[in-house]
Amino acid sequence: MAAPTVLTPRQAGITSIVKHLMTDRGMTGRQLAEHLGMHEASLSHALNGRRRWSIEDLEAVSVIFEVPVSRFFEDPEELFPGLVAESPRTESNRRPSHYE
C-alpha cells in the first residue's frame, strides 16, 4: 500500500485556488475533469489532497479558467480574502468530541 500523499502548503494553496475558480465559474468536478481530459477520480484525488498537482495540470487549468499559471503560486488568502479561513462546523461535519 502506498504511503499517503503529504501536501505542502503550496499544494494546498493551489487546491484552494482551483476550488475557488471552479465555484466562481459554476463548474463541477466532472465538468473540469472533462475539460482536462482526465478521469473524474484523478481530479477528485487532486482536489481532496490525495494527489499532487503537476505543472501540466496547472497549465491546462490556467487555459480553462483563462488565468496565468503564476496565479496558482500566489497566496490564496491575498487573492481571495477569507478563502483559507476554517469553515464553521455544523452538526453534519462536526468531529466527535473525542477527536478534538
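Our structure's up above, just so we're on the same page.
Bear in mind that the values here come from a model prediction, so they are computed numbers and not experimental data.

(A) Representation of the overall build of the protein chain. On a plain count of helices and strands, the protein chain comes out with 5 helices and 0 strands. The order of α-helices and β-strands along the protein chain, N terminus first, is α-α-α-α-α. A buried classification covers 27% of the 100 residues belonging to the protein chain. Considering only contacts within the protein chain whose residues lie at least 6 apart along the sequence, 56% involve residues at least 24 apart.

(B) Here's a closer look at the nonpolar core. In terms of nonpolar packing, the biggest core is built from 20 residues, with Val-18, Leu-32, Leu-43, Trp-53, Val-61, Phe-65 and Phe-72 touching the most fellow members. Of all the secondary-structure elements, those providing two or more residues to this core are helix H1 (9-25), helix H2 (29-36), helix H3 (40-47) and helix H4 (55-65). Per element, the largest residue contribution to this core is 5 residues, and it comes from H1. Here Val-61 is in contact with Val-18, Leu-36, Trp-53 and Phe-72, once residues within four sequence places are set aside.

(C) Looking closely at the side chain of Ser-62. The residue Ser-62 is located in helix H4 in this model. Setting aside anything within four residues of it in sequence, one finds Ser-62 in contact with Val-67, Pro-68, Val-69 and Phe-72.

(D) Representation of H4. The set of residues buried in H4 consists of Asp-57, Leu-58, Val-61, Ser-62 and Phe-65. Relative to the axis of H4, the buried residues are bounded by an arc of 130° and lie together on one face. Turned more than 90 degrees from where H4 packs its buried face, Glu-56 and Val-63 sit exposed. Residues of H4 that are buried sit in contact with H1 and H2. Residue Glu-66 follows H4 closely and has a positive phi angle near 55°.

(E) Quick look at the environment of Gly-37. Among the structural elements, Gly-37 can be located in the loop between H2 and H3. Take Gly-37: its relative accessible area is 69%, and that puts it in the exposed class. Separated by 23 residues in sequence, Gly-37 and Ala-60 place their C-alpha atoms 9.6 Å apart.

Rules behind the numbers
- Residues numbered from 1 in each chain as written.
- Predicted model: local features only at pLDDT ≥ 70, side-chain atom pairs only at ≥ 80, totals over all residues.
- Heavy atoms only, no water.
- Helix = DSSP H or I, 4+ residues; strand = E, 2+ residues; numbered from the N terminus.
- Buried < 20%, exposed > 50% of the residue type's maximum accessible area, 1.4 Å probe, protein only.
- Contact = heavy atoms within 4.5 Å.
- Core = buried A, V, L, I, M, F, W, Y, C linked by side-chain atoms within 4.5 Å.
- Arc of directions from axis to C-beta.

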